[in-house]
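Listed below are the residues making up each chain.
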Amino acid sequence: MTAHLAAAAAQDTQHNRHAKYDRLIAAAQALPKLKVAVAHPCDDVSLRAALEAADLGLIEPILVGPPAKIAAAAAAGQLDISKVRQVAAAHSHEAAEKAVALVRCGEADALMKGSLHTDELMSAVVARDTGLRTARRISHCFVMDVPSHPDALIITDAAINIAPSLEDKAHIVQNAIELAHALSFPEVRVAILSAMETVNPAVPSTIEAAALCKMADRGQITGAIVDGPLALDNAIDLGSAAIKHISSPVAGRANVLVVPDLEAGNMLAKSLSFLAGADAAGIVVGARVPIILTSRADSAPTRLASCAVAALLAAAQQATARAAAKALEV
């Protein structure tokens, strides 16, 4: 290959690298701007992420935090916040509480993590009397854009539930399914991952996988084809599934990967990010509204994709709520 052709190929690869995220962002741009309470955006990364998403027409941010710190971050990054609404808070804990309060009173339709610890934000979210709990267990999903894989992958839960019970996992699976529908997955195919594809009493995750599949059979989990236990290779690679003689509409074609625990999910997501060049848009689901979780290490496309995912999920949740309200009127 000549140097010219090699350069052209590299440019084409770079151009197409974020094609999945580009489609998500384009779909979200067709929606009204999502009103987002940004908790404690007091550094360049978190403040810039909110403003870039606003510039793309994805969100309408409300900056919640100490005015002096927000102003200092804006000045350091040469960012214009003159036209952005601000809500003063003395410190990060109060910023989290006030951001949640904005959602509860209907002034915001989503939350976004700024430069505070995830635990601080989530403590305000799960507060019994003042938070955003629902009957569903709160969980986290990565929407992963792996350059070498044809479809986006949802990986759950790699950030919230450390060692989820079977009941927790049923909620985690249902949350991920609803996210996949909000993102317009043509068919949702859920793989319950383990170290093997056979049920082994010595490996508890295989027993739970089998139970989750039976729950799906009985209508306790809805909206997707669910199969497991499956090992990672035969969940996402048709060749591996064929070698193991696994006949399943999910094996080799899964687009939602449910991990046994947080450690496995965290290692899987980071392996894809750092070894396979994947981007990982992060969203917390199962609360009253979507919660956008971004990291300092996230690329700009990842931060924007996280906002797009939240906008699409919020739109789907609002449509479901309107349909339910209409049904009650009949």
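Shown above is the structure to which this text applies.
Report follows, based on the coordinates. (Residues numbered from 1 in each chain as written. Predicted model: local features only at pLDDT ≥ 70, side-chain atom pairs only at ≥ 80, totals over all residues. Heavy atoms only, no water.)

### A short note on helix 3 (residues 44-55)
With 12 residues, helix 3 should cover 16 Å at 1.5 Å per step; its first-to-last C-alpha distance of 16 Å lies within 8% of that length. What helix 3 keeps buried is the set Ser46, Leu47, Ala49, Ala50, Leu51, Ala53 and Ala54. In the stretch just after helix 3, Gly57 is the one whose phi turns positive, near 80°. (Helix = DSSP H or I, 4+ residues; strand = E, 2+ residues; numbered from the N terminus. Expected span 1.5 Å × (residues − 1). Buried < 20%, exposed > 50% of the residue type's maximum accessible area, 1.4 Å probe, protein only.)

### A closer look at unusual backbone geometry
At the junction of Thr156 and Asp157, the peptide bond is cis and its omega measures out at 0° in the coordinates. Within the element layout of this structure, Asp157 appears in the loop between strand 6 (153-156) and helix 7 (166-182). For the bond running from Gly228 to Pro229, omega is 5°, close enough to zero to count as cis. Mapped onto the elements, Pro229 comes out in strand 8 (residues 225-230). Not every positive phi belongs to a glycine, and Ser184 is a case in point at roughly 65°.

### So, the packing of helix 5 (residues 92-104) against helix 6 (residues 118-126)
Direction vectors running N to C along helix 5 and helix 6 enclose 40°, while the axes themselves pass 9 Å from each other. Viewed along their axes, helix 5 and helix 6 adopt a mutual orientation that is oblique. In this structure, the crossing between helix 5 and helix 6 has a hand that is right-handed. Contacts between helix 5 and helix 6 involve Ser92, His93, Ala96, Glu97 and Val100 from the former and Glu120, Leu121, Ala124 and Val125 from the latter. Taken together, the residues that form the contact of helix 5 with helix 6 break down as 5 nonpolar, 2 polar and 2 charged. (Axes fitted to C-alpha atoms, helices over the stretch in contact; angles between N-to-C directions. Parallel < 35°, antiparallel > 145°, perpendicular 65-115°, else oblique. Left-handed = near helix turned anticlockwise from the far one by under 90°. Contact = heavy atoms within 4.5 Å. Nonpolar A, V, L, I, M, F, W, Y, C, P; charged D, E, K, R; others polar.)

### Digging into the packing of helix 2 (residues 19-29) against helix 12 (residues 300-329)
Viewed as axis vectors pointing N to C, helix 2 and helix 12 meet at an angle of 45°, and their least axial separation amounts to 8 Å. Taken together, the axis directions place helix 2 and helix 12 in an arrangement best described as oblique. Viewed along their axes, helix 2 and helix 12 form a crossing whose handedness is left-handed. Contact residues: helix 2 offers Tyr21, Leu24, Ile25, Ala27 and Ala28, while helix 12 offers Pro301, Thr302, Leu304, Ala305, Ala308, Val309, Ala311 and Leu312. In terms of residue class, the contact of helix 2 with helix 12 is made up of 12 nonpolar, 1 polar and no charged.

### Quick look at the side chain of Ser46
Its location among the elements puts Ser46 in helix 3. Here Ser46 falls in the buried class, since its relative accessible area comes to 6%. At a separation of 2.5 Å, a polar atom in the side chain of Ser46 contacts the side chain of Asp43. Here Ser46 is in contact with His40, Pro41, Gly114 and Ser115, once residues within four sequence places are set aside. (Polar contact = N/O pair within 3.5 Å; in protein donor to acceptor, adjacent residues only side chain to side chain.)

### Examining the sheet that holds strand 10 (residues 279-285)
Within the open sheet, the 11 strands sit side by side as 3-2-1-4-11-10-5-6-9-7-8. Their pairing is mixed. Single-partner strands in this sheet number two, and they are strand 3 (85-88) and strand 8. The pairing of strand 5 (residues 139-145) with strand 10 spans 7 bridges and is classified as antiparallel. If you follow Val143 over to strand 10, its bridge partner there is Ala281. Helix-sheet contacts for helix 2 involve strand 5 and strand 10, and the interaxial angle to strand 5 is about 120°. (Pairing = 2+ DSSP bridges.)

### Thoughts on the pattern of salt bridges
Summed over all chains, the structure comprises 10 salt bridges. Its salt-bridge partner being Lys20, residue Asp145 comes within 3.0 Å of it at the nearest N-O pair. Note that Asp145 is positioned in strand 5 and Lys20 in helix 2, a separation of 125 residues in sequence. Across the pair, Lys20 and Asp145 agree in class, each one buried. Between Arg137 and Asp168 there is a salt bridge, with its nearest N and O atoms 3.9 Å apart. In this pair, Arg137 sits in the loop between helix 6 and strand 5 while Asp168 sits in helix 7, placing the two residues 31 residues apart along the sequence. The exposure class of Asp168 is buried, given its relative accessible area of 16%. (Salt bridge = Lys/Arg side-chain N within 4 Å of Asp/Glu carboxyl O.)

### Looking at helix 11 (residues 262-275)
Between its first and last C-alpha atoms helix 11 spans 19 Å; for 14 residues at 1.5 Å apiece the expected length is 20 Å, and the two agree. Within helix 11, the full set of buried residues consists of Leu262, Gly265, Leu268, Ala269 and Leu272. Buried residues of helix 11, viewed axially, fall in a sector of 135°; they line one side. Those residues of helix 11 that are exposed and angled more than 90 degrees off the buried face are Glu263, Met267, Phe274 and Leu275. Taken together, the buried residues of helix 11 touch strand 5, strand 6, strand 7 (189-193), helix 9 (232-236) and strand 9 (256-258). For helix 11, the N-terminal cap is Asp261; the gap from its side-chain oxygen to the backbone nitrogen of Glu263 is 3.3 Å. (Arc of directions from axis to C-beta.)

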